[in-house]
Amino acid sequence: MGSKTGIFGGSFNPVHIGHLALANYLCEYEGIDELWFMVSPQNPFKKDSRLLDDHARLALVRAAIQGYPRFKASDFEFRLPRPSYTVHTLQALHEAFPQRSFCLIMGTDNWLRFPEWKSPERILALCSILIYPRKGFPVNEAALPANVRMSHAAPQMEISSTFIREAIREGKDVRFFLPEAIRHEAVRLYGKG
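About the thresholds
Residues numbered from 1 in each chain as written. Predicted model: local features only at pLDDT ≥ 70, side-chain atom pairs only at ≥ 80, totals over all residues. Heavy atoms only, no water. Helix = DSSP H or I, 4+ residues; strand = E, 2+ residues; numbered from the N terminus. Expected span 1.5 Å × (residues − 1). Buried < 20%, exposed > 50% of the residue type's maximum accessible area, 1.4 Å probe, protein only. Contact = heavy atoms within 4.5 Å. Polar contact = N/O pair within 3.5 Å; in protein donor to acceptor, adjacent residues only side chain to side chain. Pairing = 2+ DSSP bridges. Axes fitted to C-alpha atoms, helices over the stretch in contact; angles between N-to-C directions. Arc of directions from axis to C-beta. Core = buried A, V, L, I, M, F, W, Y, C linked by side-chain atoms within 4.5 Å. Parallel < 35°, antiparallel > 145°, perpendicular 65-115°, else oblique. Left-handed = near helix turned anticlockwise from the far one by under 90°. Nonpolar A, V, L, I, M, F, W, Y, C, P; charged D, E, K, R; others polar.

Student: Please provide a residue-by-residue account of helix α2 (residues 54-65), values included.
Tutor: Taking 1.5 Å as the rise per residue, α2 with twelve residues should run 16 Å; its terminal C-alpha atoms sit 17 Å apart, in good agreement. What α2 keeps buried is the set Asp54, Ala56, Arg57, Leu58, Leu60, Val61, Ala64 and Ile65. Buried residues in α2 make contact with α1 (17-29), β2 (34-39), β3 (71-74) and α7 (180-190). Where α2 starts, the residue carrying a side-chain oxygen 3.0 Å from the main-chain nitrogen of His55 turns out to be Asp53. Phi turns positive one or two residues past the end of α2, at Gly67, with a value near 95 degrees.

Okay, structure coming up:
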């Protein structure tokens, strides 16, 4: 079936140590051979959020993951029609990379909303799903479909990009929330708001 490629989608506005620690864990402990940070140009559930320019967010991800060969920053969704729905992304990925086996990565918060997503049954037909725990969003594992599994020991870091953006705007020192490789650039970019 080919290598197991994890698809970790998000706006990454900005990417932070919580994203990276989780992704690192999934590669090292959950059988993900390569993990693609799928930088999303627009999330259908967050139409009003003020996103930093798509390419600026992608550049921050690229800089943050440099040196870890199992991570890849992907602009794949930038070329797809908007808003970018997961089902369309997965369909296009299958056509572009037929030799790969894809695994969608999501938190329990998103899994609980999964029935509201566009074509959830088609998503389940296109890939496996690996769910990581989020505090306050319990999942009934006995009810999970066959190709959906829970990563119990994945690190739970309650850090949000929103918190980091606000802290930067307030002039706070957030050095331990951001990878050192992107800290100065992130402060420059997000400090303008």
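Now, onward.
Student: Hey, could you go over the sheet that holds strand β5 (residues 128-132) for me, with residue numbers and the actual values?
Tutor: If you trace the six strands from one edge of the open sheet to the other, you get β3-β2-β1-β4-β5-β6, paired in parallel fashion. The strands lining the two open edges of the sheet, one partner per strand, are β3 and β6 (148-150). On average, each strand axis in the sheet is tilted by 25 degrees relative to the strand beside it, whichever way the strands run. Bridge analysis of β5 against β6 gives three bridges, and the strand direction is parallel. Residue pairing in the sheet places Leu130 in a bridge with Arg149 of β6. The sheet strands contacting α1 are β1 (4-10), β2, β3, β4 (101-107) and β5, and the helix crosses β2 at an angle near 150 degrees.

Student: Please give an account of helix α6 (residues 161-169) that cites residues and values.
Tutor: By the burial criterion, the buried members of α6 are Ser161, Ile164, Arg165, Ala167 and Ile168. Along the axis of α6, the buried positions cluster into a sector of 165 degrees, meaning they face one direction only. Those residues of α6 hidden inside the fold are in contact with α1 and α7. Where α6 ends, the next residue or the one after it, Gly171, has phi of about 80 degrees, a positive value.

Student: I'd love a proper account of the pairing of β1, names of residues and values included.
Tutor: Counting buried residues in β1 gives five out of seven residues, a clear majority hidden from the surface. Where β1 and β4 come together, four bridges link them in parallel fashion. Pairing of Gly6 across the sheet is with Cys103, part of β4. Strand direction decides the pairing type here: β1 and β2, joined by six bridges, are parallel. For Phe8, the partnering residue across the bridge sits in β2 and is Phe37.

Student: Describe the nonpolar core, with residues and values.
Tutor: Counting residues in hydrophobic clusters, the biggest one holds 38 residues, and the most contacted among them are Phe8, Leu35, Phe37, Val61 and Phe71. In contact with Phe71, not counting residues within four places along its chain, are Leu20, Ala23, Asn24, Cys27, Leu35, Phe37 and Ile65. One finds Met38, Trp111, Ile129 and Met150 within the second-largest nonpolar core, a separate group that totals 24 residues.

Student: Please provide a residue-by-residue account of the packing of α2 against α7, values included.
Tutor: Look at α2 against α7: their axes get within 9 Å of each other, and the N-to-C directions meet at 160 degrees. Judged by the inter-axis angle, α2 sits roughly antiparallel to α7. Relative to α7, the crossing made by α2 is left-handed. Contacts from Ala56, Arg57, Leu60, Ala63 and Ala64 in α2 reach Ala181, Ile182, Glu185, Ala186, Leu189 and Tyr190 in α7. For the contact of α2 with α7, a count of residues per class yields nine nonpolar, no polar and two charged.

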